[in-house]
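Structural description and commentary
What follows is each chain in one-letter form.
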Amino acid sequence: MSLTSAVEAVFLPAEPGGVPRAGQVAFWGEAAKGHQEVELVLPHGAGVRRRRVPARMMPVQEALPALLRDSDEASRSVQAWSAAALAGVGLLARGRLLPARTSEGYGSWRAGPLDPADVQCGWRSWRRRCR
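Attention here is on the structure that accompanies the text. (Residues numbered from 1 in each chain as written. Predicted model: local features only at pLDDT ≥ 70, side-chain atom pairs only at ≥ 80, totals over all residues. Heavy atoms only, no water.)

1. Some details on the overall build of the protein chain
When helices and strands are tallied, the protein chain shows four helices and six strands. N-terminal to C-terminal, the α/β element order of the protein chain is β-β-β-β-α-α-β-β-α-α. Residues classed as buried in the protein chain amount to 32% of the 131 residues present. Sequence separation of at least 24 residues holds for 47% of the intrachain contacts in the protein chain that already meet a minimum separation of 6. Counting only carbon and sulfur atoms, one obtains 55% of the accessible surface of the protein chain, whose full area is about 8,500 Å². (Helix = DSSP H or I, 4+ residues; strand = E, 2+ residues; numbered from the N terminus. Buried < 20%, exposed > 50% of the residue type's maximum accessible area, 1.4 Å probe, protein only. Contact = heavy atoms within 4.5 Å. Areas by Shrake-Rupley, 256 points an atom, 1.4 Å probe, with all protein chains shown as cover.)

2. A look at helix H2 (residues 76-93)
Along an α-helix, residues three or four positions apart point the same way, because every turn accommodates 3.6 residues. For H2, which comprises 18 residues, the first-to-last C-alpha distance of 25 Å matches the rise-based estimate of 26 Å (1.5 Å per residue) to within 8%. Where H2 is concerned, the buried positions are Ser 77, Val 78, Gln 79, Ser 82, Ala 83, Ala 85, Leu 86, Ala 87, Gly 90 and Leu 91. At the C-terminal side of H2, Gly 95 shows a positive phi close to 70°. (Expected span 1.5 Å × (residues − 1).)

3. A word on the sheet that holds strand E1 (residues 8-12)
Sheet strands line up and pair through hydrogen bonds in the backbone, either parallel or antiparallel. Taking strand neighbours across the sheet as the criterion, the four strands line up as E1-E2-E4-E3 in an open arrangement whose pairing is antiparallel. Single-partner strands in this sheet number two, and they are E1 and strand E3 (36-44). Here the strands of the sheet are splayed against their neighbours by 40° on average, with no regard to which way each runs. Pairing between E3 and strand E4 (residues 47-59): nine bridges, direction antiparallel. Residue pairing in the sheet places His 44 in a bridge with Gly 47 of E4. Against the sheet, helix H1 (residues 60-68) makes contact with E1, strand E2 (24-28) and E4, and its axis sits at roughly 95° relative to E4, the strand it touches most. (Pairing = 2+ DSSP bridges. Axes fitted to C-alpha atoms, helices over the stretch in contact; angles between N-to-C directions.)

4. A closer look at unusual backbone geometry
The omega angle of the peptide bond from Gly 112 to Pro 113 is -15°, so this bond is cis rather than trans. Among the secondary structure elements, Pro 113 is positioned in the loop between strand E6 (107-111) and helix H3 (116-120).

5. Quick notes on the pattern of salt bridges
Summed over the entire model, instances satisfying the criterion amount to four salt bridges. In this structure, Arg 52 and Glu 37 form a salt bridge, with 3.0 Å as the shortest nitrogen-oxygen distance. Linking Arg 52 in strand E4 with Glu 37 in strand E3, this pair joins segments that are 15 residues apart in sequence. Arg 52 sits in the partly exposed class, given a relative accessible area of 49%. Among the residues examined, Glu 37 registers a relative accessible area of 44% and is labelled partly exposed. The shortest N-O distance in the salt bridge between Asp 115 and Arg 96 comes to 3.3 Å. Note that Asp 115 is positioned in the loop between E6 and H3 and Arg 96 in the loop between H2 and strand E5 (97-101), a separation of 19 residues in sequence. (Salt bridge = Lys/Arg side-chain N within 4 Å of Asp/Glu carboxyl O.)

6. Brief notes about the environment of Val 7
Positionally, Val 7 belongs in the segment before E1. Along the sequence, Val 7 and Trp 28 sit 21 residues apart, while their C-alpha atoms lie 5.6 Å from each other. Those residues in contact with Val 7 that lie beyond four places of it in its chain are Met 1, Ser 2, Phe 27, Trp 28, Ala 31, Ala 32, Ser 75 and Val 78.

This is how it looks when you write it as structure tokens:
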């Protein structure tokens, strides 16, 4: 799937308290053909409304390679999730992950220790730094 401006992305977490790696990324929009649906809150006139849209669901581990391919042509939502993926891989590469446990007892990881630059930068700066 090509992540163009016609494809949006949203992260769907696993059950409450689950680990992020058990979540999915839903790609939706004109160029994202999928056989499942996701309920989103979208602009409608001067307000918003809930709407079910066709989506292509991918586990995080499958979506990661697509999100790590940087593209200026991608939608803002894809760019934001791409920056999150780049930030995560960057923390991993720098050895900035510590073992942790969720409140339900699942093994997980947490980011740390963080440098001031890690705390202060936004998603646009992650995209610029990681090109």
